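Structural features, examined
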Amino acid sequence: MAGAITHDNDQPAAEGRQSGPLIVTEDAGLLDDLLRLCAAAGATPEVHHGVPERGGGWEAAPLVLVGDDAVRRVRGAARRRGVVLVGRDQDDSGVWRRAVEIGADHVLMLPDGEQWLVDRIADVAEGVGRPALTVGVIGGRGGAGASTLACALAVTSAREGVRTLLVDADPLGGGLDVLLGGETADGLRWPAFAASRGRVGGGALEESLPKLHSLRVLSWDRGDCVAIPPQAVRAVLAAARRRGGAVVVDLPRRIDDGVAEVLAQLDVGLLVVPGELRAVAAAGRVASAVGMVLRDLRVAVRGPYTPGLDDREVARLLDLPLAGEVPVESALARPHEGKAPPGAAPRGPLARFCTVFWERALAEAGGV
């Protein structure tokens, strides 16, 4: 159980905080539980029997966990946000009065509130800022160039110094690590996260993935696993977004439960459509399915065009906003191993397209 208490005179916690929570308790059993939960959240706490006498531990900690046994010892401490009173007795109605006495924001009872507390500790350990601008790229038909555009967007973002993660959500697409020339690079692939549930640590996720061309890549291995449970997809992508920066996802054209979890976390979708009537017809079906989950879907058109078509006409036929015309490059049409990745040439037309896209998307999102 976890409950919240509001205060009229809340003051923000001090700047220069430590990264882990402060634990105040003399209850050995409770301390063992709290240390276990901190470890699960990837945080290293500071432990005291009462309010720290020296330094700014009480004021500086991002989160203070006060055992019910320690209420008397912290009653005179300065009021601040982020104080959680932790107990075990679900039937103790007096816990709310004691929480008010010490200015606690929340009352939490173990073991029922363990998952809430792990999530809260992980939040303060990682830092919770602006989530990553998350862009999905999907082909209007097979061979549209969606994977190459996704790589180019990620490479362009990373070149600008933005923390960038490229996610391969298409298990049958051949692997984005291959397209980037890093299929043998050390790091985890999707099957390693198949059992993920609840919360995945954003920092641990980032550090576990292969680093290629200044960005992190989550792709598939060469094994037989071609499906990840939706809850694992949700947990992994949420962890990636919490790290901030940019996340680019290469999507398959089929919409299953796992892809729906990705679509639900996207800020913008790009539907890559060649300038052909059959491609437009196929893209219409894809757009209809994607649009049931993703509100902001835009079309990126790639030439050459069938006579009578151009980028604006394709957008009109699909009734979608036009993101722009994807320039024709040999790398876009025929990506192959041994060459620089798509978008690697800063002055190339594909990189310029990606740069303009990011500038507009960031401006719409209110900056980084």
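Residues numbered from 1 in each chain as written. Predicted model: local features only at pLDDT ≥ 70, side-chain atom pairs only at ≥ 80, totals over all residues. Heavy atoms only, no water.

Details of the overall build of the protein chain
Inclusion rule: Only DSSP runs of H or I with at least four residues qualify as helices, and only runs of E with at least two residues qualify as strands; both kinds are numbered from the N terminus onward. The rule is simple: take the accessible area with a 1.4 Å probe, protein chains only, and divide by the maximum for that residue type; under 20% is buried, over 50% is exposed, in between is partly exposed. In this description, contact between two residues means that some pair of their heavy atoms is separated by no more than 4.5 Å. Only the protein chains shown count as cover for residues, with accessible areas throughout obtained via the Shrake-Rupley method and a probe of 1.4 Å.
For the protein chain, the helix and strand inventory stands at 14 helices and 14 strands. In the protein chain, buried positions account for 50% of the 368 residues. Considering only residue pairs separated by 6 or more positions, the protein chain has 72% of its internal contacts joining residues 24 or more positions apart. Here the protein chain has roughly 17100 Å² of accessible surface; of this, 50% comes from carbon and sulfur atoms.

Describing the pattern of salt bridges
Test applied: In what follows, salt bridge is the name for a side-chain nitrogen of Lys or Arg lying within 4 Å of a carboxyl oxygen of Asp or Glu.
One pass over the full model with this rule turns up 21 salt bridges. In this structure, the salt-bridge partner of Glu-114 is Arg-36, at a minimum N-O distance of 2.8 Å. Here the residue Glu-114 occupies a position in helix 5 (residues 114-126), and Arg-36 occupies one in helix 1 (residues 28-40), the gap between them amounting to 78 residues. For Arg-36, a relative accessible area of 41% puts it in the partly exposed group. A salt bridge links Arg-75 to Glu-101, with the shortest nitrogen-to-oxygen separation between them at 3.2 Å. Remark: Glu-101 occurs in helix 4 (residues 95-102) and Arg-75 occurs in the loop between helix 3 (71-74) and strand 5 (83-87); sequence separation between them is 26 residues. Of the residues examined, Arg-75 reaches a relative accessible area of 41% and is grouped as partly exposed. Connected through salt bridges with shared partners, the residues Asp-33, Arg-36, Arg-88 and Glu-114 form a single ionic network.

Here's the deal with the environment of Gly-136
Along the chain, the position of Gly-136 falls in strand 7 (residues 133-139). Among the residues examined, Gly-136 registers a relative accessible area of 1% and is labelled buried. Sequence separation between Gly-136 and Leu-271 is 135 residues, and the spatial gap between their C-alpha atoms is 8.5 Å. If we skip the residues at most four places from it in the chain, Gly-136 touches Val-249, Leu-251, Leu-266, Val-268, Gly-269 and Leu-270.

Let's talk about helix 14 (residues 349-365)
Since the α-helix packs 3.6 residues into each turn, any two residues three or four apart lie on the same face. For clarity, the threshold we go by: In this scheme, a helix's expected span is set at 1.5 Å multiplied by one less than its residue total. Think of the arc as the fan of directions from the helix axis to the C-beta atoms.
When the terminal C-alpha atoms of helix 14 are compared, their 24 Å separation across 17 residues agrees well with the 24 Å that a helix rising 1.5 Å per residue should span. Among the residues of helix 14, those classed as buried are Leu-350, Ala-351, Phe-353, Cys-354, Phe-357, Trp-358 and Ala-361. Looking straight down helix 14, one finds its buried side chains confined to an arc of 155 degrees; they lie on one side. Of the exposed residues in helix 14, those oriented more than 90 degrees away from the buried face are Glu-359, Arg-360 and Ala-363. If you follow the buried residues of helix 14, they end up packed against strand 7, helix 6 (146-159), strand 11 (246-251), strand 12 (268-274), strand 13 (297-302) and strand 14 (322-326). Directly beyond the C-terminal end of helix 14, a positive phi value near 90 degrees is found at Gly-366.

Describing the nonpolar core
Filter applied, for reference: Each nonpolar core is a collection of buried residues, namely Ala, Val, Leu, Ile, Met, Phe, Trp, Tyr and Cys, held together in the definition by side-chain atoms within 4.5 Å.
If you look at the biggest cluster of nonpolar residues, it comprises 44 residues, and the most contacted ones within it are Val-249, Leu-251, Leu-271, Val-273 and Leu-318. If you list the elements that add at least two residues to this core, you get strand 8 (164-168), helix 9 (230-242), strand 11, helix 10 (257-264), strand 12, helix 11 (277-290), strand 13 and helix 12 (311-318). Here the element with the most residues in this core is helix 9; it accounts for 7 residues.

Brief notes about the sheet that holds strand 12
To be explicit about the condition: Note on pairing: two strands pair once DSSP finds at least 2 bridges between them. Axis definition: a line fitted to C-alpha atoms, limited for helices to the stretch in contact. Angles are taken between N-to-C directions and run from 0 to 180 degrees.
A sheet is described by the order of its strands in space; here 8 strands give the open sequence 9-10-8-11-7-12-13-14, paired in mixed fashion. Edge positions in the open sheet fall to strand 9 (211-212) and strand 14, since each of these has one partner strand only. Note that strand 7 and strand 12 share 5 bridges and pair parallel. Within the sheet, the bridge partner assigned to Gly-139 lies in strand 12 and is Val-272. Helix 9 contacts strand 7, strand 8, strand 10 (215-218) and strand 11 of the sheet and is inclined by roughly 150 degrees relative to strand 11.

Looking at unusual backbone geometry
Of note, the amide linkage connecting Leu-110 to Pro-111 takes the cis form, showing an omega dihedral of 10 degrees. Secondary-structure assignment places Pro-111 in the loop between strand 6 (106-109) and helix 5. The residue after Gly-303, namely Pro-304, is reached through a cis peptide bond having omega 0 degrees. Looking at the element boundaries, Pro-304 is found in the loop between strand 13 and helix 12. Not every positive phi belongs to a glycine, and Ser-214 is a case in point at roughly 70 degrees. Within the secondary structure, Ser-214 is located in the loop between strand 9 and strand 10. With a phi angle near 55 degrees, Asp-319 is a residue other than glycine that sits in the positive phi range.

Focus on the confidence of the model for the protein chain
Segments scoring low in pLDDT should not have their predicted coordinates read at a detailed level. The condition that has to hold: Each residue carries a pLDDT score, the predictor's confidence in it, ranging from 0 to 100.
Summary statistics for the protein chain give a mean pLDDT of 88 and a share of 90% for residues scoring 70 or more. Taken together, the stretch residues 4-17 has pLDDT below 50 and engages in 24 contacts with residues farther than four places along the chain or on a different chain. For residues 331-337, every residue scores under 50 in pLDDT, and the model assigns this stretch 12 contacts once sequence neighbours within four places are set aside.

Quick notes on the environment of Pro-131
If you trace the backbone, Pro-131 turns up in the loop between helix 5 and strand 7. Classification of Pro-131 by relative accessible area gives partly exposed; the value is 45%. Along the primary structure Pro-131 and Arg-242 are separated by 111 residues, whereas in three dimensions their C-alpha atoms are 5.0 Å apart. Setting aside residues no more than four positions away along its own chain, Pro-131 makes contact with Arg-241 and Gly-244.

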